[in-house]
Amino acid sequence: MTDKPLRAGIIGLGIGAAHAKGYGGDYGAELVALCDLDDTRLRLLASEYGVKPEHCYHDYRQMLAEAKLDIVSVCLPNAMHAEATIAALEAGAHVLCEKPMATSVAQAQQMMAAAERSQRQLMIAYNHRYRADVMWIRRMIKDGQLGQIYHAHAAWRRETGIPGSGWFGNKQMSGGGALIDLGVHVLDMTMWLLGFPGVKTVSGDTHMVFGQRGLKTWGRRPGQPVETAFDVDDGAVGFIRLGDGSNMVLEATWAEHRQPQDDLIRVELQGTEGTVVLNIANYRRDDTLRMYKEMEGEPVTVIPAIRWEGPHGHEALIMDILSAMRAGLPMPTDGAQGLMAVHVLEAMYRSSHDGREIELNVGAE
Ligand SMILES: NC(=O)c1ccc[n+]([C@@H]2O[C@H](COP(=O)([O-])OP(=O)(O)OC[C@H]3O[C@@H](n4cnc5c(N)ncnc54)[C@H](O)[C@@H]3O)[C@@H](O)[C@H]2O)c1
């Protein structure tokens, strides 16, 4: 691989702005092209990162044909991930696709096949792995501090958190609600921490309590009429039997009656030698971790002092991807991991619909 900076482009400039930070940093890429239907978003991001007006596009196919890109971030609504990703791979670019990888297993498999055909990398934007506290848990697991993990409880729950952008609540565009939007993050984080042990069976149940009534949506005043159809889950719970004999409870809610304005990511891993609990309230960074163990037969609580130096989130993910590409190392996230999550999500929706456990038997990494 050459030392020339990789030419990067971004399609979709909502969360796409976080990708811009990664490509715009000094990590071996340059942000040369942007695409969105929204002129204001295009103009603002282009001026922040010095992208030339002739490389600002409304049509991503035109961008892919003209801008000679080495890497493209696909940050469009979920149902558009597959088509744009395949187009970018076929144009010869590596792709970093936002989560969830796709709205169906069939689409995710087509994306994998396109990556294989074009011999390009396909990666999924799991930025929460790159929190310093999550990295700390990974190190503790590798160091054997938890022993054999036999149970995981992964949850992302919000009091008022139904996204305001209409497409999130529209099944055709999103593929699902809180489960596919928030659940996928904590599912991936947990599977990654566990080392992707494979999935045997999945049970799920979803509910739609608030969204259809126009309640608990960001930016909506009480009594304001609901102008967009809402036909997805605003909450879900699942039980997953994993390939190594352990299991996971997965919960995701966009809305529920609880402490006002609460947004809580909670991952608990119970092992033979210790338990770790990650509690991220309202995206805070301080005091998010506890590890419980025994020393000399006495229970001890470990409260680690986490160092939050350097980039994290999307910026750290992109930095890591670029450095792996330069070094010819395996990508830190890949299509197979994204596909695994889509398998689980799809099975949870099917289980909820059919009212039964689904046998998946999808393999380890
Ligand atoms: N990793 C994370 O933490 C994270 C956070 C938020 C969103 N996301 C994911 O990112 C994706 C986008 O979410 P968002 O919150 O940015 O949504 P958004 O609605 O804010 O942004 C989507 C953008 O895509 C543009 N767009 C739509 N159709 C287009 C087309 N045909 N061509 C070009 N542009 C088009 C829209 O104009 C809009 O600006 C989703 O898959 C979502 O799940 C991930």
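The structure presented is a predicted model; accordingly, all values stated were derived computationally and were not measured. (Residues numbered from 1 in each chain as written. Predicted model: local features only at pLDDT ≥ 70, side-chain atom pairs only at ≥ 80, totals over all residues. Heavy atoms only, no water.)

Some words on the site of the ligand
In step 1: The full set close to the ligand counts 24 residues, and I15, D36, R41, N78 and N127 are the nearest of them.
In step 2: In the model, an oxygen atom of the ligand is placed 2.8 Å from a nitrogen or oxygen of the I15 main chain.
In step 3: Its free accessible area being 840 Å², the ligand has 83% of it covered by the protein chains.
In step 4: The class makeup of the residues in the shell around the ligand is 11 nonpolar, 9 polar and 4 charged. (Near = heavy atom within 4 Å. Polar contact = N/O pair within 3.5 Å; in protein donor to acceptor, adjacent residues only side chain to side chain. Areas by Shrake-Rupley, 256 points an atom, 1.4 Å probe, with all protein chains shown as cover. Nonpolar A, V, L, I, M, F, W, Y, C, P; charged D, E, K, R; others polar.)

Observations concerning the sheet that holds strand β15 (residues 358–362)
In step 1: The 9 strands lie next to each other as β14-β13-β12-β11-β7-β10-β9-β8-β15, forming an open sheet whose pairing is mixed. Unpaired on one side and paired on the other, β14 (298–302) and β15 mark the two borders of the sheet. Within this sheet the neighbouring strands show an average axis-to-axis angle of 15°, counted without direction.
In step 2: Two elements, strand β13 (residues 289–295) and β14, share 5 bridges in a ladder whose sense is antiparallel. In the strand pairing of β14, K293 is matched with V300.
In step 3: Packed onto the sheet, helix α8 (residues 178–194) meets β7 (149–158), β8 (199–207), β9 (235–242), β10 (247–253), β11 (263–271) and β12 (275–281) and runs at close to 150° relative to β10. (Pairing = 2+ DSSP bridges. Helix = DSSP H or I, 4+ residues; strand = E, 2+ residues; numbered from the N terminus. Axes fitted to C-alpha atoms, helices over the stretch in contact; angles between N-to-C directions. Contact = heavy atoms within 4.5 Å.)

Focus on the pattern of salt bridges
A pair can form between side chains of opposite charge whenever their charged atoms are brought close.
In step 1: Summed over all chains, the structure comprises 17 salt bridges.
In step 2: R131 serves as the salt-bridge partner of D133, at 2.8 Å between the closest nitrogen and oxygen. In this structure, D133 and R131 share a single accessibility class: buried.
In step 3: Note that R356 and D354 form a salt bridge whose closest N and O atoms lie 3.3 Å from each other.
In step 4: Classification of R356 as partly exposed rests on a relative accessible area of 44%.
In step 5: The structure contains a network of salt bridges with shared partners spanning R157, E251, E256, R258 and D262. (Salt bridge = Lys/Arg side-chain N within 4 Å of Asp/Glu carboxyl O. Buried < 20%, exposed > 50% of the residue type's maximum accessible area, 1.4 Å probe, protein only.)

Things to note about the packing of aromatic side chains
In step 1: In the structure shown here, the tally under the stated rule is 3 aromatic pairs.
In step 2: Each ring, one from W156 and one from Y283, has its centre 6.1 Å from the other, and the planes form 75°; the classification is edge-to-face. One end of the pair, W156, is in strand β7; the other, Y283, is in the loop between β12 and β13, with 127 residues separating them in the sequence.
In step 3: Judged by its relative accessible area of 2%, W156 is buried.
In step 4: On the numbers, 3.8 Å between centres and 25° between planes, the contact of W167 with F168 is stacked.
In step 5: The ring of F210 has K216 lying over it, and the distance from NZ or CZ to the ring centre is 5.7 Å. (Phe/Tyr/Trp six-rings, centres within 6.5 Å; stacked < 30°, edge-to-face > 60°. Lys NZ or Arg CZ within 6 Å of the ring centre and 35° of its normal.)

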